[in-house]
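As a plain string of letters, each chain reads:
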Amino acid sequence: MGRFHRHSDGTPHRHDGLDGEHDEHDEHDEHDGHGGHGHGGHGHGAGSEVGDHSGYRTGPERVELLEGILSENDRTAAANRADFAANGVSVVNLMSSPGAGKTTLLRRTLATLGAGINVGVVEGDIETSLDADRLEGLGAEVTLVNTSAGFGAECHLDAVMVRSALAGLSLSALDLVVIENVGNLVCPAEFDVGEHARAMVFSVTEGEEKPLKYPVMFRSADLVVVNKVDLLPYLDFDLDLFLSNLADVNPGATVIRTSARTGEGLDGWCSWLRDLATGSGAVSSADGAR
Amino acid sequence: MHELSLCRAVADVVTSHAEQRDVTRVTLRVGHLRQVVPETLVFCWKMVTDGTELAGSELVVEHVPAVGECRSCGARSELDKPVLRCAACGGRDVSLVSGEEFLVVSMDLATSA
């Protein structure tokens, strides 16, 4: 889809569907000293020379790359996914803002799922083993990734970090791996880590407008767990408005209401996980990041 | 911080292709729905490339509007908000035609005079 041409300033441009408004990039060309001199147009493909007619300097050589910004991450994610497949493990990437209740939900989840299903957890945090410690003793294999240790204190997990963590799990003995991402509604959405499904924990203390403010995250989720519903009587939170906002950015998302504190809704969430682990669920996305 | 991570990824892509050659400009194509602030990308680019072989290179961000096509009425419309709704009929069964692009389009190399 789309087609390329070059503008008179030599900037390649792609038209997708709608002709019409062009971008702000023209202004950038005023800084390079030879903007506005036609670069002779059709230099497609790697290594093509783009001529400069200004005469006082040899023009740059433009090399077309057309490579995904996250292509390196995506290659590692594909390797992770292949390893998961080879070991018959299903993997869910669990994301939320800080404090939405991921770890509390996970504690109850491990207790509820019981012995019938072997679970591994990759626990991602910028610092500390506090969350990983909270998951000990519940029958799951837990491995910790601190993104401050060698990963530049990243605010998300990427495929390479998850790959490094997999050494801490005996994949062949597991049915399900839960990757508890760093609490953050922006960055984790961009990074495919090789998961089969993405679940988000959203708590009702966060506000109805969040899907509109963080559309990339909400759009990437297969399942949205609406947590802390035990607090609804004490809040002005409008659940219908939230669900309408969610449907605006992601009409296909499954929604499960839970309280990790009281246990309400845990059965629905656990059966979603079981379906994922046995491959019988209606979980839609198997292609990770979009 | 989001843009910082993305700039690191861009720098990795460009460095792997540059093979020590002098890169003067890197052009990205970023869709409207990617929740990326171009000015912040440019700011982070300086931070990420400072002291590397990409130091001094310019980052240019091409913005691609989000366009949806309605599966009900067939109309194409530009989406200024991240809401998948047809501007023509109000339908919600809208597929994205563009707006999720996230590409390193090209790098410009200095040619020795």
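In short, a report on the structure.

What counts and what doesn't
Residues numbered from 1 in each chain as written. Chains lettered and ligands numbered in written order. Predicted model: local features only at pLDDT ≥ 70, side-chain atom pairs only at ≥ 80, totals over all residues. Heavy atoms only, no water. Helix = DSSP H or I, 4+ residues; strand = E, 2+ residues; numbered from the N terminus. Buried < 20%, exposed > 50% of the residue type's maximum accessible area, 1.4 Å probe, protein only. Contact = heavy atoms within 4.5 Å. Polar contact = N/O pair within 3.5 Å; in protein donor to acceptor, adjacent residues only side chain to side chain. Salt bridge = Lys/Arg side-chain N within 4 Å of Asp/Glu carboxyl O. Phe/Tyr/Trp six-rings, centres within 6.5 Å; stacked < 30°, edge-to-face > 60°. Pairing = 2+ DSSP bridges. Axes fitted to C-alpha atoms, helices over the stretch in contact; angles between N-to-C directions. Left-handed = near helix turned anticlockwise from the far one by under 90°. Nonpolar A, V, L, I, M, F, W, Y, C, P; charged D, E, K, R; others polar.

For the rest of this paragraph, the subject is the environment of Ala86 of chain A. Residue and element names in this part refer to chain A. Within the secondary structure, Ala86 sits in helix α1 (residues 71-86). Classification of Ala86 as exposed rests on a relative accessible area of 67%. It is 9.3 Å that separates the C-alpha atoms of Ala86 and Leu171, two residues lying 85 residues apart in sequence.

Residue and element names in this part refer to chain A. Listed as buried for helix α7 (residues 239-249) are Leu239, Phe242, Asn245, Leu246, Ala247, Asp248 and Val249. Those residues of α7 that are buried are in contact with β8 (197-203), α5 (210-213), α6 (215-220), β9 (223-227) and β10 (254-257). For α7, the side-chain oxygen to backbone nitrogen distance between the N-cap and Asp240 is 3.2 Å, and the N-cap itself is Asp238.

For the coordinates displayed, the defined rule picks out 20 salt bridges over all chains. Note that Arg75 of chain A and Glu67 of chain A form a salt bridge whose closest N and O atoms lie 3.7 Å from each other. A relative accessible area of 48% places Arg75 of chain A in the partly exposed class. Owing to a relative accessible area of 16%, Glu67 of chain A belongs among the buried residues under this scheme. Ionic pairing is found between Arg76 of chain B and Glu69 of chain B, a salt bridge with its closest N-O pair at 2.9 Å. Connected through salt bridges with shared partners, the residues Arg62 of chain A together with Arg25, Glu58 and Asp108 of chain B form a single ionic network.

The next subject is the packing of aromatic side chains. For the coordinates displayed, the defined rule picks out six aromatic pairs over all chains. What links up through ring pairs into an aromatic cluster is the set Phe202, Phe218, Phe237 and Phe242 of chain A.

This part is about the sheet that holds strand β1 (residues 23-31) of chain B. The sheet built from four strands is open, its strands ordered β3(A)-β6(B)-β1(B)-β2(B) with mixed pairing. Every interior strand has two partners, whereas the edge strands, β3 (61-68) of chain A together with β2 (58-64) of chain B, have only one. Averaged over neighbouring strand pairs, the angle between their axes works out to 20 degrees when direction is ignored. Against the sheet, helix α1 (residues 2-18) of chain B makes contact with β3 of chain A together with β1 and β6 (102-109) of chain B, and its axis sits at roughly 45 degrees relative to β6 of chain B, the strand it touches most. Packed onto the sheet, helix α2 (residues 38-49) of chain B meets β1 and β2 of chain B and runs at close to 160 degrees relative to β2 of chain B.

With that settled, consider unusual backbone geometry. Although it is not a glycine, Thr128 of chain A sits at a positive phi angle of roughly 70 degrees. Tracing the backbone shows Thr128 of chain A in the loop between β5 (119-125) and α3 (130-134). For Gln35 of chain B, which is not glycine, the phi torsion reads 55 degrees and is therefore positive. Mapped onto the elements, Gln35 of chain B comes out in the loop between β1 and α2.

Here we take up the packing of α1 of chain A against helix α4 (residues 159-166) of chain A. Residue and element names in this part refer to chain A. The interhelical angle for the contact between α1 and α4, taken along N-to-C directions, is 30 degrees, at an axis separation of 8 Å. Like other packed secondary-structure pairs, α1 and α4 cross with a definite hand, here left-handed. Listed contacts from α4 to Asn73, Thr76, Ala77, Ala79, Asn80, Asp83 and Phe84 of α1 are Ala159, Val160, Val162, Arg163 and Leu166. Grouping the constituent residues of the contact of α1 with α4 by class yields seven nonpolar, three polar and two charged.

Through backbone hydrogen bonds, the strands of a sheet pair up, either in parallel or in antiparallel fashion. All names here are of chain A. The seven strands lie next to each other as β6-β5-β7-β4-β8-β9-β10, forming an open sheet whose pairing is parallel. Single-partner strands in this sheet number two, and they are β6 (141-146) and β10. Between one strand axis and the next, the sheet turns by 20 degrees as a mean value, whatever way the strands run. Judged from the five bridges that link them, β5 and strand β7 (residues 176-180) form a sheet pairing that is parallel. Residue pairing in the sheet places Val121 in a bridge with Val178 of β7.

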